[in-house]
Each structure stands twice: as C-alpha cells, then as structure tokens.
Amino acid sequence: MFFKQYTLYENKLSQQLEDDNPYKKKLIQMETPSSKHPIYSTLVLGLLIYSWIFFVVLFYTQINQSALYNLKLVISTCSIVFVTLSIRICYKKDYIVSNNFIHQRVLYIIFFIATIISILIASLDSGDMSFLEILQTFCIVFKVNDKSYIALVILLYITLGITLSYHTCPYIIYRVFYSVNKTHKEYVNEKKFINKCMPLFCICFVAYLPLIYTTFNPAKDNFAFMIKNLSTVSLFGLIPLCILILQAKRYYYFFERAIKYSRSK
C-alpha cells in the first residue's frame with residue numbers, strides 16, 4: 001500500500017481551524033517535525049545492545065556442540081549482522097513513509113533478506129514449547145536452549161520493526177494516507193481510507209503473540225507451515241504497519257474533536 005508511487009500533497013488540518021480552537025495547538029504540535037525521540041532511541045538502542053549480549057552468550061554457550069548448533073549459530077550471526085547494518089541505514093530516517101525510489105528499494109531488499117532468514121529458521125525448528133518456556137527463552141538469565149537462536153532473531157526483528165517505524169511527527173504519516181488516497185482515488189476521502197485500515201490494525205495487534213508462539217512450535221498442516229515460514233519476518237513488518245495506521249488515526253481524531261468543538265459553540 002505505502003510502496004506505491006504517489007504524488008505528495010500537503011493537507012495540514014490545523015489550518016482549517018479557527019485560532020481560538022483549543023485543539024489547534026495540539027494539531028500544530030503534531031505537524032511540527034522534531035529531532036528528539038527519546039522513547040524511540042531508548043527502545044532501539046536498548047534492544048540492540050541486549051540482542052548483542054544475548055548473541056555473545058548464545059555463541060560461547062553453543063559453539064561446537066554439534067553441526068546443527070553451529071548451523072543455528074551461523075543463522076544467528078547472519079541475522080545480527082544484517083539487522084545491525086539495517087538499523088545503521090534506517091535509524092532516525094523516514095524510510096517507511098518515503099516516496100523516494102532508493103528508500104523503497106532498500107526496504108524491498110531488507111524484507112527479502114528477512115524473508116529468507118525466516119524460512120531458514122522455520123526449516124530448522126522442531127519440538128514444542130509452552131508459553132512459559134518461550135518467555136524464559138528470551139531471558140539470558142535462564143539456561144540457553146536449542147531454540148534460543150529463534151528468540152534472538154525475534155528480538156532483532158522487533159528492534160528492526162521499531163527502527164523502521166521512525167517518523168518526525170504524526171502529520172508525516174497522515175500525509176502519506178492523504179497523498180496515496182488523493183493520487184489513486186481509492187476512497188471518498190482520507191478519513192474513509194484510515195478507517196478502512198483500522199480492522200487491519202486490530203488483526204495485526206491480536207495476531208502478534210500467536211505469531212511468536214507459531215515461530216517456536218512446529219506446523220501441524222500445510223497452511224500452518226506457510227504461516228510459520230513467514231512468521232518471523234511478519235513480526236517486524238507488522239510493527240511499522242500498526243504504527244502507521246495508529247498515528248494517522250490519532251492525528252485525524254484530534255481534528256474531529258476540534259470540528260466537534262467548533263460546532264458545539
């Protein structure tokens with residue numbers, strides 16, 4: 001949806017409000033780009049540091065145990081190098097909402113490599129795990145097990161998903177919805193477009209934990225196997241998608257509150 005080519009249009013909703021509207025200041029704030037994003041930086045850098053610690057513990061615990069363990073370590077090594085380089089390229093850059101061809105090509109390459117790694121992980125996995133065992137696998141204070149490499153990749157992909165979710169302000173995201181809809185004229189207006197995306201947001205949000213469970217457990221049929229192949233890559237792809245929809249909805253929500261206030265005067 002957001003990888004389509006589209007003409008960029010400006011539509012700052014604050015400009016449609018009277019100066020005495022109490023919500024105008026809030027909308028202007030949401031339309032003003034900011035270079036300071038402490039929560040974003042803390043999450044990305046914190047998770048990346050924890051992932052590297054996790055990798056070092058995993059590497060020195062399982063190296064040379066068996067050929068299978070070494071193969072899993074190779075995947076873990078490729079994953080952490082790939083994600084670290086991807087974060088280096090995309091950190092604090094509006095890649096996910098960019099209409100730049102080079103930026104979109106970089107995203108295609110990232111998704112392609114992540115998909116290959118996801119399929120490799122699914123092909124090596126065997127044995128069931130409970131939710132408690134899965135939770136313990138993410139904590140390096142517990143004993144490292146034969147599925148710790150899956151936990152590492154999930155941590156890395158969640159970090160990458162958060163990295164790709166960067167935006168300087170909510171208006172930048174809303175502008176993408178507005179521009180895509182205005183260019184392709186798929187819906188009556190951008191509000192309809194955003195509302196049509198909300199069920200997708202709910203599905204992605206609800207499916208997140210089941211996807212993690214699926215990643216750690218063998219598939220029971222062909223459909224489940226297909227989902228398992230793409231479960232890891234989905235874990236980072238869903239994060240920016242959900243944030244895009246949520247932030248566009250949030251921005252337009254305050255505009256609707258402002259319109260409602262104006263009508264009630």
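Everything here concerns the structure above.
Structure report, in brief.

Rules used in this analysis
- Residues numbered from 1 in each chain as written.
- Predicted model: local features only at pLDDT ≥ 70, side-chain atom pairs only at ≥ 80, totals over all residues.
- Heavy atoms only, no water.
- 1 Å grid on protein atoms, 1.4 Å probe; cavity = no way out; pocket = protein on both sides within 12 Å on 5 of 7 lines; lining within 4 Å.
- Points joined across faces, edges and corners; volume = space filled by probe spheres on them.
- Nonpolar A, V, L, I, M, F, W, Y, C, P; charged D, E, K, R; others polar.
- Helix = DSSP H or I, 4+ residues; strand = E, 2+ residues; numbered from the N terminus.
- Buried < 20%, exposed > 50% of the residue type's maximum accessible area, 1.4 Å probe, protein only.
- Contact = heavy atoms within 4.5 Å.
- Salt bridge = Lys/Arg side-chain N within 4 Å of Asp/Glu carboxyl O.
- Core = buried A, V, L, I, M, F, W, Y, C linked by side-chain atoms within 4.5 Å.
- Phe/Tyr/Trp six-rings, centres within 6.5 Å; stacked < 30°, edge-to-face > 60°.
- Lys NZ or Arg CZ within 6 Å of the ring centre and 35° of its normal.

Per the counting criterion, the structure on display carries three cavities of 30 Å³ or more. Residue composition of the lining of the largest cavity, by class: five nonpolar, three polar and one charged.

For the rest of this paragraph, the subject is the side chain of Ser148. Take Ser148: it is sitting in helix H6 (residues 148-164). Residue Ser148 is classed as buried on the basis of its relative accessible area of 2%. If sequence neighbours within four positions are ignored, Ser148 has contacts with Phe54, Leu58 and Thr137.

Bringing the environment of Ser126 into the picture now. Tracing the sequence through the fold places Ser126 in the loop between helix H4 (101-124) and helix H5 (131-137). Taking the C-alpha atoms as reference points, Ser126 and Phe216, 90 residues apart in sequence, are found 8.2 Å from one another. In this view, Ser126 contacts Lys147 and Pro218; residues no more than four positions away in its chain are not counted.

Another point: the pattern of salt bridges. Inspection of every chain in the model, using the stated rule, returns three salt bridges. Here Glu10 and Arg175 are joined by a salt bridge, their closest N and O atoms 2.6 Å apart. With Glu10 in the segment before helix H1 (24-31) and Arg175 in helix H7 (residues 170-184), this residue pair connects regions lying 165 residues apart in the sequence. For Glu256, the salt bridge is made with Lys191, and the minimal N-O distance between the two is 2.9 Å. Residue Glu256 is found in helix H9 (residues 222-264), and its partner Lys191 is found in helix H8 (residues 190-216); the two are separated by 65 residues along the sequence. A relative accessible area of 27% means that Glu256 is categorised as partly exposed.

Counting residues in each nonpolar core, the largest one holds 80 residues, and the members touching the most others are Tyr157, Phe177 and Phe216. The leading source of residues in this core is H9, at 14 residues. What Tyr157 contacts, discounting residues up to four positions off in sequence, is Phe82, Val83, Ala114, Ile117, Thr232, Val233 and Phe236.

What follows concerns the side chain of Ser118. By the element assignment, Ser118 lies in helix H4. A residue is classified by how much of its surface remains accessible, and Ser118, at 0% relative accessible area, is buried. Not counting chain neighbours up to four residues away, the residues in contact with Ser118 comprise Lys228, Asn229, Leu230, Ser231, Thr232 and Val233.

Attention shifts here to the packing of aromatic side chains. For the coordinates displayed, the defined rule picks out 21 aromatic pairs. Look at Phe138 and Phe216: their rings are 5.8 Å apart centre to centre, the planes differ by 70°, and that puts the pair in the edge-to-face class. Remark: Phe216 occurs in helix H8 and Phe138 occurs in the loop between H5 and H6; sequence separation between them is 78 residues. For Phe216, a relative accessible area of 0% corresponds to the buried category. Ring-pair connections join several aromatic residues into one group, and the members of that group are Tyr9, Tyr171, Tyr174, Tyr178, Tyr251, Tyr252 and Phe255. Here the basic side chain of Lys26 rests over the ring of Phe254, its NZ or CZ set 5.2 Å away from the ring centre.

In this structure, the largest pocket encloses a volume near 710 Å³. In terms of lining residues, the largest pocket is bounded by 29 residues, among which Tyr40, Ser165, His167, Ile243 and Gln247 are the most central. Where the lining of the largest pocket is concerned, the elements lending two or more residues are H1, helix H2 (38-62), H6, H8 and H9. Ranked by residues supplied to the lining of the largest pocket, first place goes to H9 with seven residues. The residue makeup of the lining of the largest pocket, split by class, is 19 nonpolar, eight polar and two charged.

Position of Val97 relative to the elements: it lies in the loop between helix H3 (67-90) and H4. A C-alpha to C-alpha distance of 9.5 Å links Val97 and Phe177, two positions 80 residues apart in sequence. Beyond its immediate stretch of four places on either side in the chain, Val97 contacts Tyr6, Ile172, Ile173, Val176 and Leu244.

Take the environment of Val153 next. Tracing the sequence through the fold places Val153 in helix H6. With a relative accessible area of 0%, Val153 lands in the buried category. Residues Val153 and Cys78, 75 residues apart in the sequence, show an inter-C-alpha distance of 9.9 Å. Residues within four places of Val153 in sequence aside, it is in contact with Ser79, Ile121 and Thr232.

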